Amino acid sequence: MNKERLYIFDTTLRDGAQTQGVDFSVDDKLKIASALDNLGVDYIEGGWPGANPTDTEFFHTLNSSTKHSLINAKLTAFGMTKKTGRSADNDPGLSALVNANTPAVCVVGKSWDFHVDIVLEISNDENLENISESAKHFVRTEQEFMFDAEHFFDGYKANPKYALSCLKSAFDAGARWIVLCDTNGGTLPHEITKIVTEVTKVIPGKNLGIHAHNDTGNAVANSLAAVWAGARQVQGTINGLGERCGNADLMSLIPTLFLKNDFASKFQLQIKPEKIKNLTQCSRLLDEILNRKPNQHLPYVGAAAFSHKGGLHVSAVQKDPKTYEHIRPEEVGNTRNIVVSDQSGKSNIISRLKTIGIEIKESDPKIKKLLDEVKDREFIGYSYDGADASFELLARRIIGKIPRYILIKEYDVSVKKSSSGEIISSAKAQLEVDGEKIICEGQGNGPVNALDNAIRQNVNRLNKYSEYLKDLKLVDYKVRILNTGTEAVTRVSIESTDSKGKNWFTIGVSANIIDASFKALVDSLDYKLFKDKAPASL
Ligand SMILES: [Zn+2]
């Protein structure tokens, strides 16, 4: 059967950039565009040329440097329909779009009569003329023209005849695409099905796109419903980035269209099968650029999407992953993750050991010893679910051998408030390497920071290990107060990284916050020395 072509339109750089707290630089935009182009989306909406200097420069850079030119995707510039009382040729907004010199343009206009009246304060006919004149303008400049029908679904519910006449004004004037926008994001899947079906009676489905927002948690479902009802272009963003509750998440839509048979058997995407594996990487790249912690629970690409915790689940997954997985994680570039917890049995531990390269028989008594140790520690407040590095160190200490590196003999932390009101934290630590005692001192913003500085700002004095530790960085530090059976304890988690860019997580638990921090910090140092194969202390 001949498959129908379905087009993917990414608007991370335009609609996604509207998100609170998101401020892409030109360089960020170039990185994201290159990842999307490599993935193979059909259109990349780069921004609004003329509206801000970053977007203008982004289009200029892509046009003027072959190094950045796109191979698979059509670069698309975004703008608004021409203003009333001006000709299209004399409209500065449209000129900025022409000057951006992109193969495609996406122009937003009103399709809800309420907005035409209240926001634009023009007549319904004037709005129709603005739409059709804008379309004709880009047909003349030979740029592929898309009309974004803003608030289309709300407009259709209020006045279907007028909403459809807006679409027709653009289509009859030569628009390649008519994009139906659920701008307020309040439309539900069954309404999308009904309305898109009606629209296809006026505009062919092969010319229709869907732009859904996630205000009812249905942006992905609405996009799929629109495709099922006939639309052939899907708009969305990486990780569903977008204002309020976000846009439709392409990291869910693309694998669904590609891997779920009802869609895969009917539709053909430009994205090549082998590129689907890049989705997880693409999702993480955006978080890295935004300096955000990735959402573990994102469908398909989240770190927890293929995590298994319960003992029964884990043993079933080991027999056949299909028991608890809807697709194979490798298909989207993700990995299976066996989580250790106090509910877990031996099979969890064995699987987790395998992922860190320790092969051991189920009958080995050390497995039981490790499992008991994990359970005991979880009882007092440890949680190894996220603390991979601390788990690995614990396992290697019990099962195999782990060298001893820096011995921390004692430490002393003090907090002082001076007469001027300044609070000073200082720390002193006595370390031992190869039998030699080294006293380190440091000050910091709080006792934990002072202790960290005392140890790590003096690594140059630990001759043997200074090379290994100098690129170590702590990127995140979290404190939780837990109520265990008898007393309140503090759990400290530290996320560390180094120049190789792979982050690791360690944990410490104690009734005392400084001691808990200290344990997590020492695990971080030990893990770094272990993974970089530092020699043992004598
Ligand atoms: Zn939008």
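What you see is a predicted model; the values in this text were computed from it and never measured. (Residues numbered from 1 in each chain as written. Predicted model: local features only at pLDDT ≥ 70, side-chain atom pairs only at ≥ 80, totals over all residues. Heavy atoms only, no water.)

## A few points about the coordination of the zinc ion
Metal coordination angles have textbook ideals: 109.5 degrees for a tetrahedral set of four donors and 90 or 180 degrees for an octahedral set of six.
Now for step 1: The coordination sphere of the zinc ion contains the protein donors Asp 15 (OD), His 211 (NE2) and His 213 (NE2), at a distance range of 1.9 to 2.2 Å.
Now for step 2: Each donor residue of the zinc ion lies on one chain, and together they are spaced D-x195-H-x1-H. Of this pair, Asp 15 sits in the loop between strand E2 (7–10) and helix H1 (26–39) while His 211 sits in strand E8 (residues 208–212), and the two are 196 residues apart along the sequence.
Now for step 3: Among the residues examined, Asp 15 registers a relative accessible area of 5% and is labelled buried. (Donors = N, O, S within 2.8 Å, 3.2 Å for Na, K, Ca; no water. Helix = DSSP H or I, 4+ residues; strand = E, 2+ residues; numbered from the N terminus. Buried < 20%, exposed > 50% of the residue type's maximum accessible area, 1.4 Å probe, protein only.)

## As for helix H9 (residues 219–229)
Now for step 1: Counted residue by residue, H9 has eight buried out of eleven residues, so it is predominantly covered.
Now for step 2: Looking at H9, one finds that the buried residues are Ala 219, Asn 222, Ser 223, Leu 224, Ala 225, Ala 226, Val 227 and Ala 229.
Now for step 3: Immediately beyond the C-terminal end of H9, within one or two residues, lies Gly 230, with a positive phi of roughly 135°.

## Concerning the environment of Pro 321
Now for step 1: Structurally, Pro 321 is set in the loop between helix H13 (311–319) and strand E12 (337–338).
Now for step 2: Placed 70 residues apart in sequence, Pro 321 and Phe 391 show a C-alpha to C-alpha distance of 24 Å.

## A closer look at the pattern of salt bridges
Now for step 1: Going through the model one piece at a time under the given rule, you end up with 34 salt bridges.
Now for step 2: A salt bridge links Asp 215 to Arg 244, with the shortest nitrogen-to-oxygen separation between them at 2.7 Å. Taken together, the residues span a long stretch of sequence, with Asp 215 in the loop between E8 and H9 and Arg 244 in the loop between strand E9 (233–236) and helix H10 (250–259) at a distance of 29 residues.
Now for step 3: The class of Asp 215 is partly exposed, set by a relative accessible area of 27%.
Now for step 4: With a shortest N-O distance of 2.9 Å, Asp 372 and Lys 368 are connected by a salt bridge. (Salt bridge = Lys/Arg side-chain N within 4 Å of Asp/Glu carboxyl O.)

## Structural notes on the pairing of E2
Now for step 1: Bridge count between E2 and E9: four bridges; the pairing is parallel. By the bridge assignment for E9, Ile 8 is matched with Val 234.
Now for step 2: Alignment of E2 against strand E3 (residues 43–47), held across two bridges, turns out to be parallel. By the bridge assignment for E3, Asp 10 is matched with Ile 44. (Pairing = 2+ DSSP bridges.)

## Points about a nonpolar patch on the surface
Now for step 1: Residues Phe 114, Ile 118, Val 119 and Leu 120 make up a contiguous nonpolar surface patch of roughly 350 Å² in combined accessible area.
Now for step 2: Mapped onto the elements of the fold, Phe 114 is located in helix H4 (residues 113–120).
Now for step 3: Given a relative accessible area of 44%, Phe 114 falls into the partly exposed group. (Patch = residues over 30% accessible without salt bridge, like charges linked within 9 Å, V, L, I, M, F, W, Y side chains within 5 Å. Areas by Shrake-Rupley, 256 points an atom, 1.4 Å probe, with all protein chains shown as cover.)

## Quick notes on the sheet that holds strand E13 (residues 407–417)
Now for step 1: Read across the sheet, three strands follow the order E13-E14-E15 without closing on themselves; strand pairing throughout is antiparallel. The sheet terminates laterally at E13 and strand E15 (436–444), the two strands that pair on one side only. Strand-to-strand twist of the sheet, defined as the mean angle between neighbouring strand axes without regard to direction, takes the value 15°.
Now for step 2: Pairing of E13 with strand E14 (residues 423–433) involves ten bridges; the strand directions are antiparallel. Counterpart to Glu 410 in the pairing with E14 is Gln 430. (Axes fitted to C-alpha atoms, helices over the stretch in contact; angles between N-to-C directions.)

## Some details on the pairing of E8
Now for step 1: Most of E8 is tucked away, with five of its five residues classed as buried.
Now for step 2: Neither face of E8 is exposed, since Leu 208, Ile 210 and Ala 212 on one face and Gly 209 and His 211 on the opposite face are all buried.
Now for step 3: The pairing of strand E7 (residues 177–182) with E8 spans five bridges and is classified as parallel. Of the residues in E8, the one forming a bridge with Ile 178 is Leu 208.
Now for step 4: Following the chain from E7 across helix H8 (residues 189–199) to the adjacent parallel E8, one finds a crossover that is right-handed.
Now for step 5: Two elements, E8 and E9, share three bridges in a ladder whose sense is parallel. The residue of E9 that forms the bridge with His 211 is Gln 235. (Right-handed = clockwise from strand over helix to strand, strands pointing away.)

## As for the sheet that holds E3
Now for step 1: The strand order E2-E3-E4-E5-E6-E7-E8-E9 describes a closed barrel built from eight strands, whose pairing is parallel. Between one strand axis and the next, the sheet turns by 25° as a mean value, whatever way the strands run.

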